[in-house]
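Here are the chains, one letter per residue:
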Amino acid sequence: SQQGEEDPQALSIQEGENATMNCSYKTSINNLQWYRQNSGRGLVHLILIRSNEREKHSGRLRVTLDTSKKSSSLLITASRAADTASYFCAAVGAQKLVFGQGTRLTINP
Amino acid sequence: DTAVSQTPKYLVTQMGNDKSIKCEQNLGHDTMYWYKQDSKKFLKIMFSYNNKELIINETVPNRFSPKSPDKAHLNLHINSLELGDSAVYFCASSQEGAVSSYTFGSGTRLTVV
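Residues numbered from 1 in each chain as written. Chains lettered and ligands numbered in written order. Predicted model: local features only at pLDDT ≥ 70, side-chain atom pairs only at ≥ 80, totals over all residues. Heavy atoms only, no water.

Enquirer: For this particular structure, what's the right way to read the overall build of chain A?
Expert: In terms of regular secondary structure, chain A is built from zero helices and 11 strands. In terms of overall dimensions, chain A has C-alpha extents of about 40 × 25 × 20 Å along its principal axes. Relative to its full complement of 109 residues, chain A shows a buried share of 47%. Intrachain contacts of chain A at a sequence separation of at least 6 include 54% that bridge at least 24 residues. Roughly 5,100 Å² of accessible area belongs to chain A as shown, and the carbon and sulfur atoms make up 43% of that amount. For chain A, the separation between the mean place of its 13 positive charges and that of its 9 negative charges on side chains is 6 Å. (Helix = DSSP H or I, 4+ residues; strand = E, 2+ residues; numbered from the N terminus. Buried < 20%, exposed > 50% of the residue type's maximum accessible area, 1.4 Å probe, protein only. Contact = heavy atoms within 4.5 Å. Areas by Shrake-Rupley, 256 points an atom, 1.4 Å probe, with all protein chains shown as cover. Lys, Arg positive; Asp, Glu negative; His and termini not counted. Charge placed at Lys NZ, Arg CZ, Asp CG, Glu CD.)

Enquirer: Would you mind going over the side chain of Ser79(A) with me for this structure?
Expert: Counting through the fold element by element, Ser79(A) comes out in the loop between strand 8 (71-76) and strand 9 (85-92). Residues contacting Ser79(A), with those up to four places away along its chain left out, are Ile13(A), Gln14(A), Glu15(A), Gly16(A), Glu17(A), Arg60(A) and Ile107(A).

Enquirer: Honestly, the pattern of salt bridges in this entry has me stumped. Any pointers?
Expert: Once their charged atoms are close, side chains differing in charge can pair, the charge on each being opposite to the other. Residues and elements named next belong to chain B. One pass over the full model with this rule turns up five salt bridges over all chains. Measuring nitrogen to oxygen at the nearest pair gives 3.5 Å for the salt bridge that ties Glu 82 to Arg 63. Linking Glu 82 in the loop between strand 8 (73-78) and strand 9 (87-94) with Arg 63 in the loop between strand 6 (53-57) and strand 7 (64-70), this pair joins segments that are 19 residues apart in sequence. Residue classification places Glu 82 among the partly exposed residues on the basis of a relative accessible area of 41%. Between Arg 63 and Asp 85 there is a salt bridge; the shortest N-O distance is 2.8 Å. (Salt bridge = Lys/Arg side-chain N within 4 Å of Asp/Glu carboxyl O.)

Enquirer: Hey, could you run me through the pairing of strand 7 of chain B in this one?
Expert: Within a regular strand, side chains alternate between the sheet's two faces. Residues and elements named next belong to chain B. As paired elements, strand 7 and strand 8 share five bridges and run antiparallel to each other. Pairing of Lys 67 across the sheet is with Asn 75, part of strand 8. Joining the antiparallel neighbours strand 7 and strand 8 is a turn of two residues. (Pairing = 2+ DSSP bridges.)

Enquirer: Can you help me understand the state of the cysteines in this one?
Expert: In protein chemistry, a disulfide is the covalent bond that joins the sulfur atoms of two cysteines. All names here are of chain A. On inspection of all chains with the given rule, the structure shows two disulfides over all chains. The side chain of Cys 23 participates in a disulfide bridge whose partner is Cys 89; the two sulfur atoms lie 2.0 Å from each other. Its S-S torsion of approximately 70° makes the covalent link between Cys 23 and Cys 89 right-handed. Of this pair, Cys 23 sits in strand 3 (residues 19-24) while Cys 89 sits in strand 9, and the two are 66 residues apart along the sequence. (Disulfide = S-S within 2.5 Å.)

Enquirer: I would appreciate a short explanation of the interface of chain B and chain A in the present structure.
Expert: Reports of interface size often rely on the accessible area that becomes lost once the parts have come together. At the junction of the two partners, chain B supplies 21 residues and chain A supplies 21 residues. In total, about 1,700 Å² of surface goes out of reach between chain B and chain A, with carbon and sulfur atoms giving 56% of it. The interface formed by chain B and chain A holds zero salt bridges in total. Applying the counting rule to chain B against chain A returns five residue pairs in polar contact (both at pLDDT 80 or more). For the side of chain B that touches chain A, the secondary-structure elements that each account for two or more residues are strand 4 (31-37), strand 5 (43-50), strand 6 and strand 10 (102-104) of chain B. When residues of the side of chain B that touches chain A are assigned to their parent elements, the largest contribution, three residues, is made by strand 4 of chain B. Its residues assigned to classes, the side of chain B that touches chain A shows 12 nonpolar, five polar and four charged. (Buried area = accessible area lost by both parts, 1.4 Å probe. Polar contact = N/O pair within 3.5 Å; in protein donor to acceptor, adjacent residues only side chain to side chain. Nonpolar A, V, L, I, M, F, W, Y, C, P; charged D, E, K, R; others polar.)

In structure tokens:
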């Protein structure tokens, strides 16, 4: 299975701090994607990193990919209360995204 | 304009009933998907269609039957509903299959009583 597995399962930090979430997967991938899900809503695409890329930035988001360790990390800098959500990584191989169970991030004001 | 819209948003029904969930995308994407999210938030792919053709059919009971009348629509029909079918069902679409990002609908919360 190419399933992404997030770590930690839950993370609670103070507003303004940085939040780091990790993801591991099992087989070779085409790309890896991160999504956010607010409570009771659908998933929103955040960032896609291809297998030949090592780092990518988008606003306050920074994603790294280490294909030798089959792992990725998502860093959210200067967190805000609105960042409170569940974050999922999805490993992409042949034809489909396979999601992990997500990291539940809570930003305390 | 909602990019991926699915209806209904909530569905409460009795065991044994047959129900359908509809999904439409106006993004011009060529691939559509159905995912099931259980109570532990785990998302599992059920089906994938590319230009009206089934390309992924995971181990899903055959009580679940997807139908794609055209590439902008992918509906999910469920026969003989069971308690274990209670979950949130998400429709999604993408261009170029899985190598590009997905756009998700807001979900249908199905409760079987």
